[in-house]
Amino acid sequence: MTAIYLALAYLLGAIPTGYLFARFVKGVDLRQVGSGNIGATNVLRAFGWGPGLAVLAADVAKGALVDGPLASWLSVAPGGWVAAAGGLTAVLGHDYTVFLGMRGGKGVATSCGVLLVLAPRSTLATLAVFAVIVRATRMVSAGSLAGALALPLFLWLLGERAAPAFCLSLLLAGLVWLKHIPNIRRMLAGTENTISFGKRRDE
Ligand code: G3P
């Protein structure tokens, strides 16, 4: 049953929602636009807040479904090692999707969905840090990197430090930093992409 759970977690995580939206609704290859990432931030950048938030919700939902309904359907113990492995597998599916030649997104939203189920208080606190940093810098990447650092700290401070969730938070944080290496390079060069909080002319 564990193998089936992990396989389904990978396949669910691997659905490239941002890419599919851009390709089939807008007729655009998102990999050729903005940062080239297939995540919600780049959808927002290319098509505005509505599509960006819709893709964000879908990517969060992928993670939450794996550790919520899918886990209970397959009788995976909540908060155990298999549930943590399922969460990690879903994020790996998003980051290295078989549907796009093993290239994918950066896993922030899907990690968020997984962790909202496994460690909700710490995830909400992390989202507050994320929001403050993004508002201040207009760089979603800066918020993601800061959130990845804050997350394990919050798990520890807020008492959600069961070993599977805590180890998972460290792995996901490491993965977020790894996937943001191009963003870090652009930040250091002063050329990182930003987002706008104003309304787009065409919205
Ligand atoms: O979640 C991804 C975000 O942190 C950065 O996205 O498109 O600016 O590389 P992007």
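Because the structure is predicted, anything quoted here is derived from the model rather than measured.

(A) Focus on the site of the ligand. Among the 13 residues in the neighbourhood of the ligand, the closest are listed as Ser35, Arg45, Lys106, Ser144 and His180. The separation between an oxygen atom of the ligand and a polar side-chain atom of arginine 45 is 2.7 Å. Contact between the ligand and asparagine 183: an oxygen atom at 2.9 Å from a side-chain N or O atom of the residue. When the ligand sits alone it has 310 Å² of accessible area, and the protein chains cover 94% of it. Those elements giving two or more residues to the shell around the ligand turn out to be helix H3 (40–47), helix H8 (140–157) and helix H10 (181–189).

(B) Inspection of helix H9 (residues 163–179) at higher detail. When the terminal C-alpha atoms of H9 are compared, their 24 Å separation across 17 residues agrees well with the 24 Å that a helix rising 1.5 Å per residue should span. Residues of H9 that are buried include every one of Pro164, Ala165, Leu168, Ser169, Leu172, Ala173, Leu175, Val176 and Lys179, and no others. Here the buried residues of H9 occupy an arc of 165° about the axis, which is enough to place them on one side. Structurally, H9 contributes buried residues whose contacts are with helix H5 (81–95), helix H6 (108–118), H8 and H10.

(C) A look at the pattern of salt bridges. Enumeration over the complete set of coordinates arrives at 4 salt bridges. A salt bridge links aspartate 29 to arginine 31; the nearest nitrogen and oxygen atoms lie 3.0 Å apart. Under the relative-accessibility criterion, aspartate 29 is labelled partly exposed at 23%. Aspartate 59 is the salt-bridge partner of lysine 62, the closest N and O atoms lying 3.5 Å from each other. Placement of the pair is lysine 62 and aspartate 59 together in helix H4 (residues 49–73), with a separation of 3 residues, close to one helical turn. Classification of aspartate 59 by relative accessible area gives buried; the value is 1%.

The rules behind these values
Residues numbered from 1 in each chain as written. Predicted model: local features only at pLDDT ≥ 70, side-chain atom pairs only at ≥ 80, totals over all residues. Heavy atoms only, no water. Near = heavy atom within 4 Å. Polar contact = N/O pair within 3.5 Å; in protein donor to acceptor, adjacent residues only side chain to side chain. Areas by Shrake-Rupley, 256 points an atom, 1.4 Å probe, with all protein chains shown as cover. Helix = DSSP H or I, 4+ residues; strand = E, 2+ residues; numbered from the N terminus. Expected span 1.5 Å × (residues − 1). Buried < 20%, exposed > 50% of the residue type's maximum accessible area, 1.4 Å probe, protein only. Arc of directions from axis to C-beta. Contact = heavy atoms within 4.5 Å. Salt bridge = Lys/Arg side-chain N within 4 Å of Asp/Glu carboxyl O.

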